[in-house]
Amino acid sequence: MERVQSAEQFEQLTQRDQFTVIKFDTTWCPDCKNLDRFIGDIIAEHPDKEFYAMDAEEFQPIAEANQVRGIPSLLVYKNGEKLAHLHSKFAKTPGQIREYLESL
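Source: prediction; values computed, not measured.

## Re the packing of aromatic side chains
Item 1. If you walk through the whole model with that rule in mind, you get 1 aromatic pair.
Item 2. Relative to Y77, the ring of F10 has its centre 5.5 Å away and its plane inclined at 85°; by these criteria the two rings are edge-to-face. Placement of F10 in helix α1 (residues 7-15) and of Y77 in strand β4 (residues 73-78) is noted, with a sequence separation of 67 residues between them. We note that F10, like Y77, is buried.
Item 3. In this structure, K49 is placed above the aromatic ring of F19, and the distance from its NZ or CZ to the ring centre is 5.6 Å.

## Looking at the state of the cysteines
Item 1. By the definition in use, this model includes 1 disulfide.
Item 2. Between the sulfur of C29 and that of C32 lies a disulfide, 2.5 Å long from S to S. Judged by the sign of its S-S torsion, about 85°, the cystine formed by C29 and C32 is right-handed.

## Some remarks on helix α2 (residues 30-44)
Item 1. Along its length, α2 shows its largest kink, about 50°, at F38.
Item 2. Of the residues making up α2, those classed as buried are C32, L35, F38, I39 and I42.
Item 3. At its buried positions, α2 is contacted by β2 (19-25) and α4 (94-102).

Calculation rules
- Residues numbered from 1 in each chain as written.
- Predicted model: local features only at pLDDT ≥ 70, side-chain atom pairs only at ≥ 80, totals over all residues.
- Heavy atoms only, no water.
- Phe/Tyr/Trp six-rings, centres within 6.5 Å; stacked < 30°, edge-to-face > 60°.
- Helix = DSSP H or I, 4+ residues; strand = E, 2+ residues; numbered from the N terminus.
- Buried < 20%, exposed > 50% of the residue type's maximum accessible area, 1.4 Å probe, protein only.
- Lys NZ or Arg CZ within 6 Å of the ring centre and 35° of its normal.
- Disulfide = S-S within 2.5 Å.
- Bend = angle between axes of the 7 residues up to and from the residue.
- Contact = heavy atoms within 4.5 Å.

Take a look at the structure:
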């Protein structure tokens, strides 16, 4: 999963006319590392979405503006609008993430 490198890149990705899923994480987060173990299969099941990762500490103003209060959190954007937000406490199992993404 490609990592977002700048605020400008985040803006470009979220403005597109397609589903863009941003995983907010950090380097030290054990739940984030666990999610990384199984997210590849889930990404393969959703070719209609593009997935990116973003460090919530490195881009703290963006994380705060998007109400990211726990990590990992999965946010979905399209046409500049945040459509969905899977908070960290619900982003721990493949089943939880699949259900969330299939509801879009």
